[in-house]
Amino acid sequence: MSDRSGIRYVDGPRLRRALLAACRSGRRCKAELNRINVFPVADGDTGTNLSLTLEAVAGELAGLRERRVDQVAAVAARSALLGARGNCGMMLSQFLLGFSGGLKGSARASLAEFASALTEGARSLDAAVENPVEGTILTVVRDSASKAVDQGGVEGQGDFADAMVAVRETARESLARTPDLLPVLAEAGVVDAGAQGFVEMVEGVVGLIEGGDEGVEVGGVDEVGDEVHPEWSPIGAAEHPFTHGSRRYCTEILVEGPDLPGEDVVRAALAEGSEELLVIRSEEILKIHLHTDHPRDAIDYCAGVGTVVAHKAEDMLAQFEAARDARGKAVRRPVGIMVDSGSDLPDPVARAHGIHMIPLLLIDGDRTLRDRIDITAEEFHAQLESGGPLPTTSQPPPGDFIASYEQASTESEVVVAILVAASLSGVFHSAENANRLVPHLDVRLVDSRAASILIGLLALRAAELAEAGVMSPDEIIAEVERIRNRSGILFTVRNLDRLIASGRVSQFAGWLGGILDLKPVLGLASDGKVKAYGKARGAARAKKMILDAVAAAIPPEANRVRFGVIHAAAPEMAEQLRDELAGRYEGAEILVAPITPVIATHLGPGAWGIAYTVED
């Protein structure tokens, strides 16, 4: 969409470029949106939530090569829903779902068709909000869509370039009026943060039209530019966080399943005692946002209607106090969590908790691939199954760590990085070298003495403790280390080929194992080193050995246990393990994830394992 002389239609590639430009622009204003975030709760996280939602959208669109406009819109809507955080993220995803529905069946759209789709998005958003409040993103989206319709003309053959400039002006004017419609904004001397985020997205689209593609795409992960720490925030003058409502915990739940209830059914079930309730269902996905004093009740209800893929409950009072009292008057959270991609932490879980992830590297000939960004686990598993040469692995250089530290520090006063065991990889050493080069940042490194999903489980608990706002960074680290001493991971492989290639076993042992169908059962000791637990003949006996070993390691009196199930091209086995664990440990949370490429290359296809954490 860069031909300023006239744009008569939008197809898939043009919409993709426009959305990427919108994502980049929306993310650049993260600090300012956090600073002015006083409604519905003065907790200083609207910019962070919008940024993480847009990051999920940009990540999915980066490599997309779809020609149809409706398909690009559908990908954007689904990725926004999966990655939605906070009120603003949920509202944006609802808008995009309506917009996508308005384009369904279209390979490309005229201005009138595009404007009609925007109107569908605005209507969808209005209908989803139970108690709509004017002077928010609702108002600005509606005004912007109405202006687009006006620009479409009777024949629908208007110029997108002129129309989007007009929409931008209308969006700006609508944003400027938000304090007139919402007194709490006028009292604080600000406009609505979510509405400003939407206007910044429109600005990005107009910037693309007028300036072309330069600077729009950066591999699906945008650089965040506008991160100066403001000298003053209206949150600092607020006496309490709840400018609208009074419930304490911002709760978000992502549910998947084939027979999910309708949105109205879920709303009715969760309405009592909740505020800011938003329920979105799209095919086999259900996303819920609410403010409540009893988040566990909502999570338990959702577990009864489908598989809870991710959930979080953030203490808004703690967020408010941190935003009000933050050092340097920067609106940031006290503690943020970082992991490396070898943690095998599922994307929905990482997004739900705002956990930063630095990708490990694969060296494939003269190409360097970023784990989980340039190549997904599923793509790599298919490559494993096909045979042939495989890439080598490498830790990120210090420069990559520094960039990750800086980005995470824009959101948090202290960054706690929980990384793969130093005894297994050079990742921790590289992270230490990088940390010495940024003495102005407060980054605490934790040797997990773990690998794979066990790191992910430890990071998840750390994120929950950070969200609760009751522990200092050092206390969180001490709790992670305590839990690690009561936790473990066991795994096996289909055959020993990759372990032989990596030097873990001899070729003779591999040949004998193949003849006898012997499966090595391995794990990590408390110091992070690989430990042999035994051998089993056949997959069924290996599964029994691992399940029995896990059961023996968990104290009978343990009440709070989490599990992680990992696999490399073995989804059927992963589901069997999930079912077995669910039957043995009623109510336990179980994460299931494909093994990330940097680990799968050493284990080969057919590998699988179980991690557990005892948090009592």
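Residues numbered from 1 in each chain as written. Predicted model: local features only at pLDDT ≥ 70, side-chain atom pairs only at ≥ 80, totals over all residues. Heavy atoms only, no water.

Overview of the packing of aromatic side chains
Definition in use: Aromatic contacts are taken between Phe, Tyr and Trp rings whose centres are within 6.5 Å, Trp giving its six-membered ring; a plane angle under 30 degrees counts as stacked, one over 60 as edge-to-face, and the others as tilted. Counting from the N terminus, the helices are DSSP H or I runs at least four residues long and the strands are E runs at least two residues long. Only protein chains enter the accessibility calculation, which uses a 1.4 Å probe. A residue is then buried if its area is under 20% of the maximum for its type, exposed if over 50%, and partly exposed in between.
Here the structure, examined in full by the defined rule, presents six aromatic pairs. When the centroid spacing of 5.9 Å and the interplanar angle of 40° are considered together, the rings of Phe 401 and Tyr 405 count as tilted. One end of the pair, Phe 401, and the other, Tyr 405, are both in helix 17 (residues 398–409), four residues apart, so they sit about a helical turn from each other. Accessibility expressed as a relative area gives 0% for Tyr 405, which makes it buried. Following the ring pairs from residue to residue traces out a cluster consisting of Phe 95, Phe 99, Phe 114, Phe 160 and Phe 198.

Notes on the sheet that holds strand 13 (residues 518–524)
Going by this rule: When DSSP finds at least two bridges between two strands, those strands are taken to pair. Working convention: axes come from line fits to C-alpha atoms, limited for helices to the stretch in contact. Angles between N-to-C directions cover 0 to 180 degrees. Contacts: residue pairs with any heavy atoms within 4.5 Å of one another.
Spatial strand order, 14-13-12-17-15-16: six strands in an open sheet with mixed pairing. Only two strands of the sheet have a single partner each, and these edge strands are strand 14 (530–537) and strand 16 (589–594). Between one strand axis and the next, the sheet turns by 20° as a mean value, whatever way the strands run. Taken together, the seven bridges between strand 15 (residues 561–567) and strand 17 (residues 608–614) define a ladder with antiparallel strand orientation. Its bridge partner being in strand 17, Phe 563 is matched across the sheet by Tyr 612. Where helix 23 (residues 539–553) meets the sheet, its contacts fall on strand 12 (488–492), strand 13, strand 14, strand 15 and strand 17, and the angle it forms with strand 17 comes to roughly 10°.

Regarding a negative patch on the surface
Let me state the cut-off plainly: Think of a patch as exposed residues, more than 30% relative accessible area, with no salt bridge, where like charges cluster within 9 Å and nonpolar side chains (Val, Leu, Ile, Met, Phe, Trp, Tyr) cluster within 5 Å. Here the open area of atoms and residues is found with the Shrake-Rupley method and a 1.4 Å probe, where only the protein chains shown may cover a residue. Whenever a carboxyl oxygen of Asp or Glu lies within 4 Å of a side-chain nitrogen of Lys or Arg, that contact is scored as a salt bridge. Charge convention: Lys and Arg are scored as positive, Asp and Glu as negative, and His as well as the terminal groups of each chain are ignored. Charge coordinates come from a single atom per side chain, which is NZ of Lys, CZ of Arg, CG of Asp or CD of Glu.
A contiguous patch of negative charge, built from Glu 256, Asp 259, Glu 283 and Glu 284, is present on the exposed surface. The topology assignment puts Glu 256 in strand 1 (residues 249–256).

Examining the confidence of the model for the chain
The condition that has to hold: pLDDT is defined as a per-residue confidence score from the predictor, taking values between 0 and 100.
In the predicted model, the chain carries a mean pLDDT of 89, and the fraction of residues at 70 or more is 91%. At the level of individual helices and strands, the chain shows its lowest average pLDDT in helix 22 (residues 507–516), which scores 52, and its highest in strand 11 (residues 443–447), which scores 98. For the stretch residues 215–229, pLDDT sits under 50, and the model shows 43 contacts to residues farther than four places along the chain or on other chains.

A look at the pattern of salt bridges
In total, this model carries 40 salt bridges according to the counting rule given. Glu 275 is the partner of Arg 247 in a salt bridge, and the nearest nitrogen-oxygen pair spans 4.0 Å. Of the two residues, Arg 247 is situated in the loop between helix 11 (193–211) and strand 1 and Glu 275 in strand 2 (residues 274–282); the sequence distance between them amounts to 28 residues. Salt-bridge contacts for Glu 589 lead to Arg 562; the nearest nitrogen and oxygen are separated by 2.8 Å. With Glu 589 in strand 16 and Arg 562 in strand 15, the pair connects residues that are 27 residues apart, well separated along the chain. Residues Glu 589 and Arg 562 agree in their burial class; the two are buried. One connected set of salt bridges, linked through shared partners, spans Arg 461, Glu 464, Arg 560, Arg 562, Glu 589 and Glu 615.

What about unusual backbone geometry?
Most of the time, phi is negative for any residue but glycine, and the peptide bond is trans. For the bond from Phe 39 to Pro 40, the omega torsion is 0°, close enough to zero to count as cis. Tracing the sequence through the fold places Pro 40 in the loop between helix 2 (30–35) and helix 3 (46–61). Phi is positive for Arg 449, which is not a glycine, with a value near 50°. Taking relative accessible area as the criterion, Arg 449 reaches 18% and is therefore assigned buried. Despite not being glycine, Ser 452 shows a phi value in the positive range, around 55°. Mapped onto the elements of the fold, Ser 452 is located in the loop between strand 11 and helix 19 (453–468).

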